[in-house]
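Tertiary structure, described
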Amino acid sequence: MERLFQIAIDGPAAAGKSTVAKIVAKTMGFVYIDTGAMYRSLTFKALKKGTDLKSGLKLKRLLDDTEIVLKHNEDGQRVFVDGEDVSERIRYPDVTAQVSLVSSFGEVRTEMVRRQRKLAEHSNVVMDGRDIGTHVLPGAQVKIFLKASVEERANRRFKEEEQKGLHPSIQALREAIALRDKKDMERAVSPLVKSADAIELDTTSLSIDEVVDQILKIAEEKIRH
Ligand code: DC
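Residues numbered from 1 in each chain as written. Predicted model: local features only at pLDDT ≥ 70, side-chain atom pairs only at ≥ 80, totals over all residues. Heavy atoms only, no water.

**Points about the nonpolar core**
Put simply, the rule is: Only buried residues count toward a nonpolar core. Its members are Ala, Val, Leu, Ile, Met, Phe, Trp, Tyr and Cys residues joined through side-chain atoms within 4.5 Å. Type-normalised accessible area, obtained with a 1.4 Å probe on protein chains alone, sets the label of each residue: buried when under 20%, exposed when over 50%, and partly exposed for intermediate values. The numbering of helices and of strands both runs from the N terminus, where a helix is a DSSP run of H or I of at least 4 residues and a strand a run of E of at least 2. Residue contacts are defined here by distance: any two heavy atoms, one from each residue, within 4.5 Å place the two residues in contact.
Ranked by size, the top nonpolar core spans 32 residues in total, and within it Leu42, Leu59, Val108, Met112, Met127 and Leu137 carry the most contacts. Of all elements in the fold, only α2 (35-49), α3 (56-64), β3 (68-73), β4 (76-81), α4 (93-102), α5 (106-119), β6 (125-129) and α6 (132-136) reach the threshold of two or more residues within this core. With six residues, α2 is the single largest residue contributor to this core. Residues contacting Leu42, with those up to four places away along its chain left out, are Leu59, Leu62, Leu63, Ile68, Val102, Val108 and Met112.

**Observations regarding the site of the ligand**
Just so we agree on the cut-off: Any residue with a non-hydrogen atom lying within 4 Å of a molecule or strand is treated as near it. Under the rule applied, a polar contact is a pair of N or O atoms within 3.5 Å (in protein, one hydrogen donor and one hydrogen acceptor; residues adjacent in sequence only if both atoms are side-chain atoms). Accessible surface is estimated by sampling points in the Shrake-Rupley manner with a 1.4 Å probe; for residues, cover comes only from the protein chains shown. For this classification, Asp, Glu, Lys and Arg are treated as charged, while Ala, Val, Leu, Ile, Met, Phe, Trp, Tyr, Cys and Pro are nonpolar and the rest, including Gly, are polar.
Around the ligand lies a shell of 16 residues, among which Arg40, Arg109, Asp131, Arg180 and Arg187 are the nearest. In this structure, Arg109 approaches the ligand through a side-chain N or O atom, which is 2.7 Å from an oxygen atom. Here Arg130 contributes a side-chain N or O atom positioned 2.9 Å from an oxygen atom of the ligand. Relative to its unbound accessible surface of 440 Å², the ligand loses 96% to contact with the protein. Elements that contribute at least two residues to the shell around the ligand include exactly α2, α4 and α8 (170-186). Looking at the shell around the ligand element by element, the count peaks at four residues for α2. Counted by class, the shell around the ligand contains three nonpolar, five polar and eight charged residues.

**Side note on the environment of Glu121**
Tracing the sequence through the fold places Glu121 in the loop between α5 and β6. For the pair formed by Glu121 and Glu160, sequence separation is 39 residues and the distance between their alpha carbons is 33 Å.

**Overview of the sheet that holds strand β7 (residues 142-147)**
Inclusion rule: In this analysis, strands are considered paired if DSSP registers two or more bridges between them. For every element, the axis is a line fit to its C-alpha atoms; helices are fit only across the contacting stretch, and the angle between N-to-C directions ranges from 0 to 180 degrees.
Here five strands make up an open sheet; going across it, the order is β2-β6-β1-β7-β8 and the pairing parallel. Looking along the sheet, the strands with just one partner apiece sit at the ends: β2 (31-34) and β8 (199-202). Across the sheet, the mean angle from the axis of one strand to that of its neighbour is 20°, orientation sign disregarded. As paired strands, β7 and β8 are joined by four bridges and run parallel to one another. Counted as the bridge partner of Leu146 is Leu201 from β8.

**So, α2**
The periodicity of an α-helix, 3.6 residues per turn, causes residues three or four places apart in sequence to face the same way. Under the convention used in this document: What a helix is expected to span follows from its residue count: subtract one and scale by 1.5 Å.
With 15 residues, α2 ought to run about 21 Å at 1.5 Å a step, and its terminal C-alpha atoms sit 22 Å apart, in line with that. Here α2 lies mainly inside the structure; eleven of its 15 residues are buried. Those residues of α2 that fall on the buried side of the exposure criterion are Thr35, Ala37, Met38, Tyr39, Arg40, Ser41, Leu42, Thr43, Phe44, Lys45 and Ala46. For α2, the side-chain oxygen to backbone nitrogen distance between the N-cap and Gly36 is 3.2 Å, and the N-cap itself is Asp34. Looking one or two places after α2, you find Gly50, whose phi comes out positive at around 75°.

What follows is the structure, encoded as structure tokens:
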């Protein structure tokens, strides 16, 4: 069987990973897998059930009892937890504020990584997250590390939230992003770190189209060789 093609896109919160990954996947006819949505799904369920968020063991037990389905359609992805469509709900601030904690436990990560690899078993994929190039798909043919200044990422989130009819404070967004970076980079298990063989793209002054074009070029180059 021909080897499947994998594109790993990692980087800090709000660097534009999912926006870019979705377009790259659609253009190439690959399946898009948003691993952050899986950690968010577990966080959502734990909040709903009142699970102790400081206990990796309890969270892992809850995860074992939780079905997370990423369904793909024309516009990308919908996320279902035990059959309930939570695509929007998992982006709410209460989930965002706790997801770094929930994703910090080794027990939780091991099971998530197992599920993520399974999702990539039979398809060409674009997978985005924090540890895809370093840990989930270490053999990925293309590894991209997207970054952007905290200021720029806060501005992007601000616009997104405004479009949803929310009225966020730019200062609060800046602080939340910086805090999530810190937690994601300092956690003991699979911290956010650029894989040695990843190509780093600083998107601070690039448009979405420019970032997509660069990734497509890198991928096409790899496919040709
Ligand atoms: O990409 P995102 O903002 O939806 O991710 C939410 C959180 O999940 C992020 O703060 C860290 C965690 N995460 C992770 O630890 N590993 C991944 N592969 C993806 C996300």
